[in-house]
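Chain and residue survey
Letter by letter, the chains look like this.
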Amino acid sequence: MAITALPPDADADIARVTEALAMITPRWNVRILLALSGPPLRYSELAAKVSWLQNGQLHPKLKSLCDAGLVERTEHTARHVTYGHTERATALLPILPMIVTWAEEHLEKAERPLAAIEQIEDSLTLLTRRHAAAILWVLKSRKEVSGRVLARIVMPSSDWTNIYPPLRQLVADGLADTEGNGRPYRLSAAGDALGPVLGTLSAWSAGQPLDQAASHPVWGQPQAKSAPRPWVSSPSRPAPVALPPARAVGSSPVWHHRDLFSHAATGRPTAAIPAGGPRR
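Described in the following lines is the structure provided in the data block.

The rules behind these values
Residues numbered from 1 in each chain as written. Predicted model: local features only at pLDDT ≥ 70, side-chain atom pairs only at ≥ 80, totals over all residues. Heavy atoms only, no water. Salt bridge = Lys/Arg side-chain N within 4 Å of Asp/Glu carboxyl O. Helix = DSSP H or I, 4+ residues; strand = E, 2+ residues; numbered from the N terminus. Buried < 20%, exposed > 50% of the residue type's maximum accessible area, 1.4 Å probe, protein only. 1 Å grid on protein atoms, 1.4 Å probe; cavity = no way out; pocket = protein on both sides within 12 Å on 5 of 7 lines; lining within 4 Å. Points joined across faces, edges and corners; volume = space filled by probe spheres on them. Nonpolar A, V, L, I, M, F, W, Y, C, P; charged D, E, K, R; others polar. Core = buried A, V, L, I, M, F, W, Y, C linked by side-chain atoms within 4.5 Å. Contact = heavy atoms within 4.5 Å. Pairing = 2+ DSSP bridges. Axes fitted to C-alpha atoms, helices over the stretch in contact; angles between N-to-C directions.

**Side note on the pattern of salt bridges**
- Counted by the stated rule, this structure contains ten salt bridges.
- The residue Asp 67 makes a salt bridge to Lys 63 at a minimum N-O spacing of 3.1 Å. Placement of the pair is Asp 67 and Lys 63 together in helix α4 (residues 58-67), with a separation of four residues, close to one helical turn.
- In this structure Lys 63 comes out as partly exposed when scored by relative accessible area, which is 49%.
- Across the pair Glu 75 and Arg 73 runs a salt bridge, and its minimum N-O distance is 3.4 Å.
- Several salt bridges share partner residues, and in doing so they unite Glu 144, Glu 179, Arg 183 and Arg 186 into one network.

Below you can see the structure in the form of structure tokens.
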């Protein structure tokens, strides 16, 4: 069933990306996937790795990840059950450092250093806003478009004014820009820089090798030079307890799945930077 007025292949691409984001964005899902990035674990072993989850929270999370095809439950005996990644989850993990790279460059600076996993969670929150994937897709392909035209493309069966709440949210989040009421909308520098992330998610959701992202008809296009947005202040949430210690700082870090739980300071100078990106 079509969700936009775009051609069927584009509509299907947006639907797949939206579904992929919906699998991993719910709270703690990425942390559970990272905890399972090694050998399969018994329930008690996994629970010890995600000890901040309260009693009763882990089981439904595992079930939803199993239903999504990201976690495999293997029953060896009645008393020996393990959980591990499926091939789909293993293929998804390389996308996470890409999200961290985008967040460190384009999300506003928090009041305290953030672990990479928090960067991922904050970024996914922005991307899973209602209609966000479709709006970003159209803005990338059309360069500039009015709200009325955007509404006809993104939500053809709704009143055209319904486009403005999600569109204003994307502007507030720093992913889209406009020069004022009645003026066309376009991607911000931060929104345009999401191209590699969304292109890779598109390849993953279609079951293609991740390097196919570069040939995506929309997200594979070179980034435009958009004007940066001023930063918007917003307090960050407290860090979860019992996270592993921070990894060593390096100018060119080598990513490991375990690193995503701990913060690594960037090599940027501490002097004030004139422009930033989306709020958290």
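**Describing the layout of surface pockets**
- Approximately 330 Å³ is the volume attributed to the second largest pocket.
- Lining the second largest pocket are 22 residues, and of these Ile 3, Arg 130, His 131, Ala 134 and Val 154 sit closest to its centre.
- If one sorts the elements of the lining of the second largest pocket by residue count, helix α1 (residues 8-24) sits on top with four residues.
- Residues of the lining of the second largest pocket, tallied by class, amount to 13 nonpolar, seven polar and two charged.

**A look at the nonpolar core**
- Grouped together as the largest cluster of nonpolar side chains are 75 residues, with contacts concentrated most on Ile 32, Trp 102, Leu 136 and Leu 150.
- Here this core takes eight residues from helix α8 (residues 132-142), the largest share from any one element.
- When near neighbours in sequence (up to four residues on either side) are disregarded, Ile 32 contacts Leu 46, Val 50, Leu 53, Leu 58, Lys 61, Leu 62 and Leu 65.

**A look at unusual backbone geometry**
- Even without a glycine there, the phi angle at Trp 28 is positive, about 80 degrees.
- Unlike most non-glycine residues, His 131 shows phi in positive territory, near 65 degrees.
- Looking at the element boundaries, His 131 is found in the loop between α7 (116-127) and α8.

**Digging into empty space enclosed by the protein**
- One pass over the full model with this rule turns up two cavities of 30 Å³ or more.
- For the largest cavity, the calculated volume is near 60 Å³.
- Residue lining of the largest cavity: Asp 13, Ile 14, Val 17, Ala 133, Trp 137, Leu 198, Ser 202, His 216 and Trp 219, and that is the complete set.
- Among the secondary structure elements, those contributing two or more residues to the lining of the largest cavity are α1, α8 and α12 (195-205).
- Examining the composition of the lining of the largest cavity, we find that three residues originate from one element, α1, more than from any other.
- Taken together, the residues that form the lining of the largest cavity break down as six nonpolar, two polar and one charged.
- Computed from the structure, the second largest cavity encloses a volume of approximately 30 Å³.

**Thoughts on the sheet that holds strand β3 (residues 80-85)**
- Taken in spatial order, the three strands line up as β1-β3-β2 in an open sheet, and their pairing is antiparallel. Taken across any chain shown, the strands that pair with only one partner, and hence form the sheet edges, are β1 (41-42) and β2 (71-77).
- Two strands pair when backbone bridges link them, and β1 and β3 are joined in this way by two bridges, in the antiparallel orientation. Note that in β3 the partner of Leu 41 across the bridge is Tyr 83.
- α4 rests against β2 and β3 of the sheet, and its axis sits at about 105 degrees to β2.

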